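Now for the letters of each chain:
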Amino acid sequence: LAYGWRHRRLLSLADPKNFTELVQHRKLTNRDLRMPGLIDKVAVKAVVADLLGPQWVTPTLWQGHELPEKPPWPRPFVVKSRHGCNQRRFVRTGQEDWGEIRRAAARWVRRDYGGWLDEQGYRGIPRGILVEPFVGETGTLPIDYKFYVFHGQVRCVQVHIEREYRHRWILFDPDWHRLSRRTDDPDPAPPAALDAMIDAAQILGRGFDFVRVDFYETGGTPRFGEMTFYPGSGLDPFDPPALDAMLGRFWRDG
């Protein structure tokens, strides 16, 4: 029902062909035991440091289950859950409502993530909170580069801009030709570390038919973000819709 509502078409699980259908099929059938350790925002750092080097990893200032009454960490910093998605708060100036941030973090810890959309990879991740230094310049969120890796090969890069206030994205191929529909946004320049990011994404994506690997770039230096096996839970439409079929072919055909 959720799929039909978002995509305005019936979901085919018997013979999934589109990327978004294959995400649904994965959620219902794939129990790969490697996934939780790579989705876990704390545990994955050791994997990335081992495969790519510690310079790719944002350090953890603190991890635990209950935030302290007063934040002792240098600003700016980010509070996020280790076991969920889109659960985060930014502290830039110290004027933020720390009480509200503590209450939000407590809600995150009380609940498992992934069950309501059948994202099985999130189950088994220890519930908890981590604090990291803010990645970005002048308090602005950096551009988020999301690499779609199919069978160990990067096939496209989803570039997310103005994520905090007017979030939108553009899809490029690895040679930086726009794949998504033209909009008022000019094509952003490729990151200086694009080649290094592609190589890193392919290293992390080895052994999976599909995984999305996310990076930031700050001062020309690449930084690992996260890995996900269910982008948008397979409910976010592509524009044009033909991209859904194209990515599905990459997934099915290798």
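Residues numbered from 1 in each chain as written. Predicted model: local features only at pLDDT ≥ 70, side-chain atom pairs only at ≥ 80, totals over all residues. Heavy atoms only, no water.

Pairing is antiparallel across the open sheet formed by 5 strands, whose spatial order is 7-6-5-8-9. A strand with exactly one partner marks an edge of an open sheet, and here the two such strands are strand 7 (168–172) and strand 9 (221–228). Adjacent strand axes in the sheet meet at a mean angle of 25 degrees when their direction is disregarded. The pairing of strand 6 (residues 153–161) with strand 7 spans 5 bridges and is classified as antiparallel. By the bridge assignment for strand 7, glutamine 158 is matched with leucine 171. (Pairing = 2+ DSSP bridges. Helix = DSSP H or I, 4+ residues; strand = E, 2+ residues; numbered from the N terminus. Axes fitted to C-alpha atoms, helices over the stretch in contact; angles between N-to-C directions.)

On to the pattern of salt bridges. Two side chains of opposite charge can pair, provided their charged atoms sit close to one another. Taken as a whole and judged by the stated rule, the model has 23 salt bridges. For glutamate 132, the salt bridge is made with lysine 45, and the minimal N-O distance between the two is 2.7 Å. One end of the pair, glutamate 132, is in strand 4 (residues 129–133); the other, lysine 45, is in helix 4 (residues 43–52), and 87 residues separate them in sequence. For the pair glutamate 132 and lysine 45, one class covers both residues: buried. Overlapping salt bridges, with partners in common, bring together Asp144, Lys146, Arg163, Arg212 and Asp214 in one network. (Salt bridge = Lys/Arg side-chain N within 4 Å of Asp/Glu carboxyl O. Buried < 20%, exposed > 50% of the residue type's maximum accessible area, 1.4 Å probe, protein only.)

Reading across from one edge, 1-4-2-3 is the order of the 4 strands in this open sheet, with antiparallel pairing throughout. Two strands bound the open sheet, and with one partner strand each, they are strand 1 (62–64) and strand 3 (88–91). Pairwise comparison of adjacent strand axes, ignoring direction, gives a mean angle of 15 degrees for this sheet. Alignment of strand 2 (residues 77–81) against strand 4, held across 5 bridges, turns out to be antiparallel. Across the sheet, lysine 80 pairs through a bridge with leucine 130, a residue of strand 4.

Attention now moves to a nonpolar patch on the surface. A surface patch of nonpolar side chains, about 220 Å² in accessible area, is lined by Leu11, Leu13 and Leu28. Locating leucine 28 in the fold gives a position in helix 2 (residues 19–29). Leucine 28 gets classed as partly exposed once you look at its relative accessible area, which sits at 43%. (Patch = residues over 30% accessible without salt bridge, like charges linked within 9 Å, V, L, I, M, F, W, Y side chains within 5 Å. Areas by Shrake-Rupley, 256 points an atom, 1.4 Å probe, with all protein chains shown as cover.)

Between two packed helices, the angle of one axis relative to the other and the distance separating the axes together describe the packing. Taken N-terminus to C-terminus, the directions of helix 2 and helix 7 (residues 242–253) make an angle of 50 degrees; their axes are 7 Å apart at the nearest point. Of the possible angle classes, the one that applies to helix 2 and helix 7 is oblique. Contacts from Phe19, Thr20, Leu22, Val23 and Arg26 in helix 2 reach Asp244, Leu247, Gly248, Trp251 and Arg252 in helix 7. For the contact of helix 2 with helix 7, the class distribution of residues is 5 nonpolar, 2 polar and 3 charged. (Parallel < 35°, antiparallel > 145°, perpendicular 65-115°, else oblique. Contact = heavy atoms within 4.5 Å. Nonpolar A, V, L, I, M, F, W, Y, C, P; charged D, E, K, R; others polar.)

Within the secondary structure layout, leucine 13 lies in the loop between helix 1 (2–7) and helix 2. Given a relative accessible area of 34%, leucine 13 falls into the partly exposed group. Look past the residues within four positions of leucine 13 in its chain and what remains in contact with it is Gln24, His25 and Leu28.

Helix 6 (residues 194–204) packs onto helix 4 with a crossing angle of 115 degrees between their chain directions and a minimal axis gap of 11 Å. Classified by chirality, the crossing of helix 6 by helix 4 is right-handed. Every residue of helix 6 that contacts helix 4 at Val48, Leu51 and Leu52 is listed here: Ala200, Ile203 and Leu204. Of the residues contributing to the contact of helix 4 with helix 6, the split by class is 6 nonpolar, no polar and no charged. (Left-handed = near helix turned anticlockwise from the far one by under 90°.)

Keep in mind these values describe shape, not function.
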